[in-house]
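# Close look at the chain arrangement
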Amino acid sequence: MEKFTILTSTFVPLPLENVDTDQIIPSRFLKATTREGFGDNLFKDWKSDPNFVLNNKNYSGNILVAGKNFGCGSSREHATWAISDYGFRAVVSSFFADIFRNNALNNGLLPVQVSDDFLGKIFRHDHEAKLTIDLENQIIRIESTGEEEQFEIGAYKKTCLLNGYDDIDYLLSMKEEIKKYEEEHSSYTG
C-alpha cells in the first residue's frame, strides 16, 4: 500500500446521507476479484445524471467528502476498491458504517470522521477549496479559513497507513522483535 502522511487536495462534495455500498459500486460489477478497474464503475448508476458531481469537471481531487452514514449496507470490500481506484485517498464524513470503515482502513483508504458542524463548514466551500489531512497529528484543516478538527484512528491502523503496511507487512516489520521474543520465551531445549 502507499504511505499516507499528509494529504492536501481539493475535494469532491457528495452531500448525500445514507450512501450505501450498492450505490458506491453496484452489485453487477462485483465479478472481478482483483482491485483494479473498479473506479470506472464508482457511483455508476448516478453517473447517468449529467448533474452528478463526478460529471462536473469543476470538482476534482483526492478527497471525497460525503454526508452522514457513508458506506452503510452490505459488507462490500469492492466499495473501498472502487473509491481508491477512482483516485481518492481519503473519505470525510460525519459517520461511517463500521464495516465500511474497517474495509477502508484495511485497503489504505483513510476514513476521516468529523463532527456534523465541521462537515457543514466543508460543504459551504466551493470547488477551489482545499483540505489538508495530517494523519500523524490526526487533524483535518480547511486551508482557506484555517479551521481544523481532530479525528480519531486506532494506533495500529494509523501505524499501518503511515508506513504503507497491510496486516502482513506490519507483522513482517516486527520480524526481529518476534524472533527475539521467541528466543527469550522458548521452552524448547533440544
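This text gives an overview of the structure that appears in the document. (Residues numbered from 1 in each chain as written. Predicted model: local features only at pLDDT ≥ 70, side-chain atom pairs only at ≥ 80, totals over all residues. Heavy atoms only, no water.)

With 26 residues, the main nonpolar core has Ile24, Phe43, Phe70, Ile83 and Phe100 as its most contacted residues. The set of elements that each furnish at least two residues to this core consists of strand S1 (6–14), strand S2 (63–66), helix H2 (77–86) and helix H3 (98–106). When residues of this core are assigned to their parent elements, the largest contribution, 4 residues, is made by H2. The contacts of phenylalanine 43, once residues within four sequence positions are left out, are Leu14, Val19, Gln23, Ile24, Phe52, Leu54, Leu64 and Phe70. (Core = buried A, V, L, I, M, F, W, Y, C linked by side-chain atoms within 4.5 Å. Buried < 20%, exposed > 50% of the residue type's maximum accessible area, 1.4 Å probe, protein only. Helix = DSSP H or I, 4+ residues; strand = E, 2+ residues; numbered from the N terminus. Contact = heavy atoms within 4.5 Å.)

The next thing to look at is the layout of surface pockets. Over the atoms rolls a probe the size of a water molecule, and in doing so it shows where empty space is left. In this structure, the largest pocket spans a volume of roughly 250 Å³. Looking at side-chain class alone, the lining of the largest pocket contains 4 nonpolar, 4 polar and 5 charged residues. (1 Å grid on protein atoms, 1.4 Å probe; cavity = no way out; pocket = protein on both sides within 12 Å on 5 of 7 lines; lining within 4 Å. Points joined across faces, edges and corners; volume = space filled by probe spheres on them. Nonpolar A, V, L, I, M, F, W, Y, C, P; charged D, E, K, R; others polar.)

A few words on the pairing of strand S4 (residues 110–113). Pairing geometry for strand S3 (residues 90–93) and S4, over 4 bridges, is parallel. The residue of S4 that forms the bridge with alanine 90 is leucine 110. Following the backbone out of S3, through H3 and into the adjacent parallel S4, one traces a crossover that is right-handed. (Pairing = 2+ DSSP bridges. Right-handed = clockwise from strand over helix to strand, strands pointing away.)

This paragraph deals with a nonpolar patch on the surface. On the surface, a cluster of nonpolar side chains totalling about 380 Å² of accessible area is made up of Ile168, Leu171, Leu172 and Ile178. The element best represented in the nonpolar patch is helix H6 (residues 167–173), accounting for 3 residues. Residue position: leucine 172 is located in helix H6. (Patch = residues over 30% accessible without salt bridge, like charges linked within 9 Å, V, L, I, M, F, W, Y side chains within 5 Å. Areas by Shrake-Rupley, 256 points an atom, 1.4 Å probe, with all protein chains shown as cover. Salt bridge = Lys/Arg side-chain N within 4 Å of Asp/Glu carboxyl O.)

Using the criterion set out here, one finds 9 salt bridges in the structure. Among the ionic pairs, arginine 76 bridges to aspartate 22, the shortest N-O distance being 2.9 Å. Of this pair, arginine 76 sits in the loop between S2 and H2 while aspartate 22 sits in helix H1 (residues 21–24), and the two are 54 residues apart along the sequence. Relative accessible area serves as the criterion here: at 12%, arginine 76 is assigned to the buried category. Between lysine 157 and aspartate 167 there is a salt bridge, with the nearest N and O atoms lying 3.0 Å from each other. Within this pair, whereas lysine 157 is found in helix H5 (residues 155–163), its partner aspartate 167 is found in helix H6, the two being separated by 10 residues in sequence. Salt bridges sharing common partners tie together Asp117, Lys121 and Glu147.

All right, on to unusual backbone geometry then. Of note, asparagine 18 is a non-glycine position whose phi angle comes to about 60°, a positive value. As for its position among the elements, asparagine 18 is in the loop between S1 and H1.

Bringing the environment of lysine 158 into the picture now. Mapping lysine 158 onto the fold places it in helix H5. What makes lysine 158 buried here is its relative accessible area of 14%. A C-alpha to C-alpha distance of 29 Å links lysine 158 and leucine 54, two positions 104 residues apart in sequence. Setting aside residues up to four positions removed in sequence, lysine 158 forms contacts with Leu135, Glu136, Gln138 and Ile153.

Scanning the entire structure with this criterion turns up 8 aromatic pairs. Each ring, one from phenylalanine 70 and one from phenylalanine 96, has its centre 6.5 Å from the other, and the planes form 90°; the classification is edge-to-face. Of this pair, phenylalanine 70 sits in the loop between S2 and H2 while phenylalanine 96 sits in the loop between S3 and H3, placing them 26 residues apart in sequence. Since its relative accessible area comes to 0%, phenylalanine 96 is described here as buried. Ring geometry for phenylalanine 70 versus phenylalanine 100: centroids 5.2 Å apart, planes at 90°, classification edge-to-face. Within this pair, whereas phenylalanine 70 is found in the loop between S2 and H2, its partner phenylalanine 100 is found in helix H3, the two being separated by 30 residues in sequence. Both residues of the pair, phenylalanine 70 and phenylalanine 100, belong to the buried class. Ring pairing ties together the aromatic residues Phe43, Trp46 and Phe52, which thus form one cluster. (Phe/Tyr/Trp six-rings, centres within 6.5 Å; stacked < 30°, edge-to-face > 60°.)

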